[in-house]
Amino acid sequence: MLALIAGQGALPRAVAEASTERPLICALEPHAPEGLTVDRSFRVERLGGFLHWLRRKGVRRICMCGRVQRPELRLSRLDWRTVLMLPAMRRALKRGDDGALRIVISLLEEQGFEIVGAHEAAPSLLPPEGVPTRAQPDEAARTAALLGDRVSAEQGAHDFGQACVIRGTEVLAREDDATGTDAMIDALTGAEGGVLYKAEKPGQDTRVDLPVIGPRTARGAIRAGLAGIVVSAGGVMVLDRDEVLSLLDEAGLFLWIRERP
């Protein structure tokens, strides 16, 4: 049985609806997923008891998706099962996002669970390589994509965000992990003709925090006057793909699902 630990944003609902099996919906308090009925909420101080409940329910696989703010750990609220996990949890809370996720994954695996990526639970969310829009990337877009590869490597090395906006050989904006891609696009000025580039961080564990774009991303790119969107093939999920393509086609933007060198 699959349990979906759902954070904020549109991804958890998309994964639940596209999943090949009906998952058990769980949420870390105080956050609630959008458009989903939660079967069980839990606090980080009760993680051990929550995992024990999952095993009793027959859950063997866990998919974590959606935005989750780093929780505050209150020692006075720990249950005894979570006390045993405290050293690993403290290490995770002190690390950057990638380091924290690796510790969390290791902790869950030690408890006997298999961690499943959102794209594995709902493979239809991962689009095939190519250009599905009427507009096609030009030479300027290809130059921007190559620069995007280098910027992505830099951002990954410093545990920064997964996206940037490039025009020619100029980096116009970089994603801040704390705010996300859509907030970066909303703050753009003077970016007409630029390209949104988004990809998974080099070397990241794709079972958690795989990048996503959706209709809001497309609308933001249109408002900013961008020429198109480049995402890595096999590394970025597209939510509501038909709506995204319709929006981009109507505005004359391209979507390039590109294999990175």
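Small disclaimer: the values here were computed from a predicted structure and weren't measured.

Visitor: I'm lost on the overall build of the protein chain in this one. Help?
Guide: A tally of regular secondary structure across the protein chain gives ten helices and twelve strands. The C-alpha extent of the protein chain, read off along each of the three principal axes, is 60 × 35 × 30 Å. Within the protein chain, the proportion of its 261 residues that are buried is 51%. Put simply, 71% of the contacts in the protein chain that link residues at least 6 apart link residues at least 24 apart.

Visitor: Sorry, what's going on with the pairing of strand S10 (residues 228-232) here?
Guide: For a regular strand, the rule is simple: side chains alternate between the two faces of the sheet. Across the five residues of S10, five count as buried, placing the element largely inside the fold. Neither face of S10 is open: one carries Gly228, Val230 and Ser232, the other Ile229 and Val231, and all of them are buried. Bridge count for strand S8 (residues 195-198) against S10 is four bridges, and the pairing is parallel. For Val195, the partnering residue across the bridge sits in S10 and is Gly228. Pairing of S10 with strand S12 (residues 254-258), which is carried by five bridges, proceeds in the parallel orientation.

Visitor: So what exactly am I meant to see when it comes to the pattern of salt bridges here?
Guide: Side-chain pairs of opposite charge can arise whenever the charged atoms involved come near each other. Counted under the stated rule, the structure contains 13 salt bridges. One salt bridge in this structure joins Glu45 and Arg43, with 3.3 Å as the shortest N-O distance. Taken together, the salt bridges that share partners define one network made up of Asp182, Asp186, Arg216 and Arg223.

Visitor: So what exactly am I meant to see when it comes to the sheet that holds strand S2 (residues 24-28) here?
Guide: Strand pairing in a sheet relies on backbone hydrogen bonds. The paired strands run either parallel or antiparallel. Strand order across the open sheet formed by five strands is S3-S2-S1-S4-S5, with parallel pairing between neighbours. With partners counted over all chains shown, the strands left at the sheet margins are strand S3 (40-42) and strand S5 (114-115), one partner each. Here S2 pairs with S3 via three bridges, running parallel. If you follow Leu28 over to S3, its bridge partner there is Phe42. Across the face of the sheet, helix H2 (residues 47-56) comes into contact with strand S1 (2-6), S2, S3 and strand S4 (61-65) while running at roughly 180 degrees to S2.

Visitor: I'm lost on the sheet that holds S8 in this one. Help?
Guide: Strand order in the open sheet formed by five strands is S7-S6-S8-S10-S12, and the pairing between neighbours is mixed. Every interior strand has two partners, whereas the edge strands, strand S7 (170-174) and S12, have only one. Neighbour-to-neighbour, the strand axes of this sheet turn through a mean angle of 25 degrees, independent of strand direction. Across four bridges, the pairing between strand S6 (residues 163-167) and S8 is antiparallel. Note that in S8 the partner of Cys164 across the bridge is Tyr197. Here helix H7 (residues 139-157) sits on the sheet and contacts S6, S7, S8, S10 and S12; the angle it forms with S6, its principal contact strand, is near 145 degrees.

What counts as what
- Residues numbered from 1 in each chain as written.
- Predicted model: local features only at pLDDT ≥ 70, side-chain atom pairs only at ≥ 80, totals over all residues.
- Heavy atoms only, no water.
- Helix = DSSP H or I, 4+ residues; strand = E, 2+ residues; numbered from the N terminus.
- Buried < 20%, exposed > 50% of the residue type's maximum accessible area, 1.4 Å probe, protein only.
- Contact = heavy atoms within 4.5 Å.
- Pairing = 2+ DSSP bridges.
- Salt bridge = Lys/Arg side-chain N within 4 Å of Asp/Glu carboxyl O.
- Axes fitted to C-alpha atoms, helices over the stretch in contact; angles between N-to-C directions.

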